[in-house]
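# Overview (structure and organization)
Here are the chains, one letter per residue:
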Amino acid sequence: MRGSVIFQQNRALGYVSNHVPATVRFIEKRNENVVTTCVGKSFHVYGANSFRLIRVGGLHPEEISCVAADGFLTYVGCGSVIYGWRASTQLRKTYRGHGARVHLLLPFGKHLLSVDEGSLVKVWNVSLEEVYLEVPFSNDQFEISALMHPASYKNKILFGSAQGGLQLWNVKNGKLVHSFKDYDSKIVVLEQAPALDVAAIGLQNGRIILLNLKFEESVMELTQDWGPVTGITFRTDGHPIMASGSTNGQVTFWNLEEQVIVSTLAAHDESVTSLKCFANEPLLLTTSPDNSMKLWIFDLPDGGARLLRIREGHGAPPKCIRYHGSSGRNILSAGEDASLRIFSTISETLNKSLGKASYNRKASKKHRKGEDPFRMPPIELFTSEVTRDKEWDSVAATHEGLVQVTTWSFDKCRMGELKLVPEVFQNKNRSDFGVSATALCLSHCGNFVTIGYSSGHLERFNIQSGIHRASYGKPPAHDGVAVRGISIDNLNQFVVSGGSDGIMKWWHFKQNVNKPVFSLKLDEPIAQFGTHRESAMIAVALEDFAVLIVDSDSRASVRRFTGHRGPITDLCFSPDSRWLLTASQDCTVKVWDIPSAYLVDHFRMPQVCTSLSMSPTGDFLATSYVDNRGIYLWANKTLFSHISLRVINPESEAPLMDLPATICDENTNVLLNETTNGELDDLEEAFEEINLNYESPPQLSQDLVTMSNAAASRWQNLLNLDIIKKRNRPRQAPQKPKSAPFFLPTVSGLDFQFDLSEGQNALTEDGSKILQPTQVEQLTSFGKLLKEAVSTGDAQFLKPIEFLSNLGPSMVDYEIRNLSPLDGGSGSISVMAAFMRMIVALLEGNRAYELGQSWLGVFLKNHGRVIVDHEELRALLEQVELAQSKGWALLEERLLYGMGVLKAKINTEKMASPLACEKYWADKANIDGAEKKYYECLAQVSFGGFERCFVPEISCPHCPFNH
């Protein structure tokens, strides 16, 4: 089996940028700047005007190491190969020849410069994909770390090294033009200044040198306090401002005339990898490995920059994801970076950030330098409800190792003011305190949140005011063990808690909270809960990797699923509560069918799935994985195609699948991995010639009863056409139109002459005006086609059927009435026989079934007496009856079969285990010596478990079908 039966890769959310510097270029046709960022094995193209995702690049075989672009192609370095993409989706060029990983690219007119990690410089002819020049360097003496083309220096490239050396080369003849003096640190950045002959050099020790290349003189030297220089850019809108980036996310703005710092900007949480001022605009673009891209505008009174536009995702992998609301459009995600975000499944431009968890939000906003000391640990688990979204906080979250529970507002997109802590744990909020919040659940009304702790306490708070409302149990609710799961019913009648001691307890929600109503002892300690409130079912993950389904109403375990080989990381129900989806540390996701208690689908990933959530509409499954910052969506194939689910052995090996990407074209991987330079163009031309428009044939198989494409009005009213005409006849008789005046045609010209050309054309070959009839029968057009089909041996009567199918009801009735030679008809007995043979061919071929039935009814209604009087027609009538009964028997069998399947589904709750049924009759046969008779069982359609069913002389007590 290949891949998942139910789910198909859809797309990934939350990827914006990584450590690879972005490129910016201006597109005249769009009249905007376009930003190209790297996201692992692919790249994204954004429009700077709105940060909307314009294009998504192809999927590459390895991680992308560098990106560059010119006016025609986007160049991507991937391993030792360089790919040239047109419009980000069309692979036009491939440059192979490097022996090491390519890490620097520079488009240079009609050429492309590339540098690999071995410091081998190659100059490529872009159009011919050939190497124009090679310049080898030694990493021991001159390890290339940066390069730049000085403006107005023809064919010259400036190289910077990790040893601090700086050299100017002529790439046309491959000669060294000049070696500048060495610097005391690694050259990290080379940038052209607005002034000619001046280049900005950024060093790893934080120094910035503006060097006049013509005279080899230092114009000025600056030093930033934030460590290595990661980027340099200049404003070109009339202000003498230079910006420099650092590894701690700070951007420093320098006034070059006064050589002082104008302002600083805390742009990112991690290193600033891209820093670019737009040409002649007061805009600055920054990107960072924290998975964010920001656009800043210089419009503050002091000339500083403020945030204009942002697009970001999680800076660290998500730990918990949940769908919020009933529309399935928003996903709440908590990441290891202590942030809580909203991802839109409609458009990523609608993504929002609720901020990062902080002990003091106001102090965190003022703290701009270095690590935030008020940052809280990452969110471990959260719960949300939409009932009171507009009134107060609707999200509650636990944090790793903390007793505090924070509240968040989905509507206001910010962290709440409340920190929920029971009175017994007051003033013990340090991270080294032994007790922490381990489980929580928000009531359906949105007013109360119930929290479980590692000490066994179970507390209820009002989420609006933060007031403590109740303590369950003595306390604690679970003696000396952690509370692992909490569930509350829709009506706030009972609270269900589960502890690591393997005991589930039912508590009254408001009254008599000191003593549990009921306790259920399980075989193993409880790991976590998953609840489906509408069906009152609770999925309980145990520490022995098994999953139980507990009915909260009957307070009994009704299903047990085993098959995982590692601890359960997360679980959820489908919206209709038919499926239970579980994820485990064995890297598998399994789908269990709850009514039949069988595994119906499973698949495996290269990484461990940390969290999963099913859309309330059932269209998508959202998952998150270890070491992956994105959220991955899987489409539910059962919503748009028929999927037959079969029983899968839980111990069998799950098929390995790839994670969804922004592009899921499998041909891209084949194109990059298995083709050579010459084959790429041939494949590209072949793909363009493929016609992807599939047209269904008129009939899939002759064994299937096929209806026509004709509208129902063309055949439903044929038998009642006389009644319809009588009902719709006009109240007044139609009046005869006035006679038109008689005109003789004339020929245009000076002389008056009559036009006699039509009369001359009407003469026969011998000059006579008397027409000799070629046939005595005056057949209609349909009759002529029938006679022609018989004479040519067309047993399928294709032309007559097509002709009659295109006619309206009145014309069909007219044509069939005129098949008979009696009662004023213009047909003949042979034509009537041909029509009956056509009906036989139509019914036996199972084509246009409803049209054939309707035509046959009109024919028998009008010509029944003629058929009885002629032996030839009576003999054909028997063939028509045989074809009619054969087609109806096939259709009737399918209809009855479908009715049986529906009846079987109604009795799902009465269905017993197929193994129990089979074992019962196997034992009885061994004891009584009863004869075993096998029959197909309708239950296999609904459950997939009954392949055969024992049917003895008496009824089986386990089977609802009395087998």
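Going by the structure above, here's the rest.
From a predicted model like this one, the values you see are computed outputs, not experimental measurements.

### What to know about the packing of aromatic side chains
Inspection of every chain in the model, using the stated rule, returns 18 aromatic pairs. Ring centres 6.4 Å apart and planes at 65 degrees place the aromatic pair phenylalanine 43 and tryptophan 85 in the edge-to-face group. A residue pair is termed long-range when its members are at least 10 positions apart, and phenylalanine 43 in strand S4 (residues 42-47) and tryptophan 85 in strand S8 (residues 81-86) qualify at 42 residues. Note on accessibility: phenylalanine 43 and tryptophan 85 belong to one class, buried. Here the guanidinium or amino end of arginine 460 rests over the ring plane of phenylalanine 509, the centre of that ring lying 4.6 Å away. We note arginine 555 situated over the ring of phenylalanine 494; from NZ or CZ to the ring centre the distance is 4.9 Å.

### Looking at the sheet that holds strand S50 (residues 568-573)
Taken in spatial order, the four strands make up an open sheet running S50-S51-S52-S53, and their pairing is antiparallel. Whereas interior strands pair on both sides, the edge strands pair on one side only; in this sheet they are S50 and strand S53 (598-604). Averaged over all neighbouring strand pairs, the angle between strand axes comes to 20 degrees, with direction disregarded. Note: strand S52 (residues 588-593) against S53, six bridges, orientation antiparallel. Residue pairing across strands places threonine 588 opposite arginine 604, the latter belonging to S53.

### A look at the packing of helix H9 (residues 829-844) against helix H10 (residues 849-869)
Where H9 contacts H10, the two axes come as close as 10 Å, and the packing angle between them is 150 degrees. Judged on the interaxial angle alone, H10 and H9 are roughly antiparallel. The handedness of the crossing between H9 and H10 comes out as left-handed. Judged by residue contacts, Ile829, Met832, Phe835, Met836, Met838, Ile839, Leu842 and Leu843 of H9 engage Tyr849, Gly852, Gln853, Trp855, Leu856, Phe859, His863, Val866 and Ile867 from H10. Partitioning the contact of H9 with H10 into residue classes produces 14 nonpolar, three polar and no charged.

### Things to note about the pairing of strand S21 (residues 217-223)
Examined bridge by bridge, strand S20 (residues 207-212) and S21 share six bridges and lie antiparallel to one another. Bridge pairing in S21 links isoleucine 208 to leucine 222. Here S20 folds back onto S21, and the loop between the two strands holds four residues, one of which, glutamate 216, carries a positive phi near 50 degrees.

### Notes on the pairing of strand S16 (residues 166-170)
Most of S16 is tucked away: five of the five residues are buried. Along S16, one buried face is formed by Leu166, Leu168 and Asn170 and the opposite face, lined by Gln167 and Trp169, is buried too. Pairing analysis gives five bridges linking strand S15 (residues 156-161) to S16, with the strands arranged antiparallel. Looking at the pairing, leucine 158 lines up with leucine 168 of S16. Counting the residues that bridge the hairpin from S15 to S16 gives four residues, and of these glycine 164 lies at a positive phi of roughly 95 degrees. Pairing geometry for S16 and strand S17 (residues 175-180), over five bridges, is antiparallel. Pairing of leucine 166 across the sheet is with phenylalanine 180, part of S17. Hairpin connection from S16 to S17: four residues lie between these consecutive antiparallel strands, with glycine 174 at a positive phi of about 70 degrees.

### Section: the pattern of salt bridges
Across all of its chains, the model carries 23 salt bridges by this definition. Between arginine 235 and aspartate 237 there is a salt bridge; the shortest N-O distance is 2.7 Å. Using a relative accessible area of 9% as the deciding quantity, one classes arginine 235 as buried. For aspartate 237, a relative accessible area of 24% translates into the label partly exposed. In this structure, glutamate 543 engages arginine 484 in a salt bridge whose closest nitrogen and oxygen atoms are separated by 2.9 Å.

So, how was this worked out
Residues numbered from 1 in each chain as written. Predicted model: local features only at pLDDT ≥ 70, side-chain atom pairs only at ≥ 80, totals over all residues. Heavy atoms only, no water. Phe/Tyr/Trp six-rings, centres within 6.5 Å; stacked < 30°, edge-to-face > 60°. Helix = DSSP H or I, 4+ residues; strand = E, 2+ residues; numbered from the N terminus. Buried < 20%, exposed > 50% of the residue type's maximum accessible area, 1.4 Å probe, protein only. Lys NZ or Arg CZ within 6 Å of the ring centre and 35° of its normal. Pairing = 2+ DSSP bridges. Axes fitted to C-alpha atoms, helices over the stretch in contact; angles between N-to-C directions. Parallel < 35°, antiparallel > 145°, perpendicular 65-115°, else oblique. Left-handed = near helix turned anticlockwise from the far one by under 90°. Contact = heavy atoms within 4.5 Å. Nonpolar A, V, L, I, M, F, W, Y, C, P; charged D, E, K, R; others polar. Salt bridge = Lys/Arg side-chain N within 4 Å of Asp/Glu carboxyl O.

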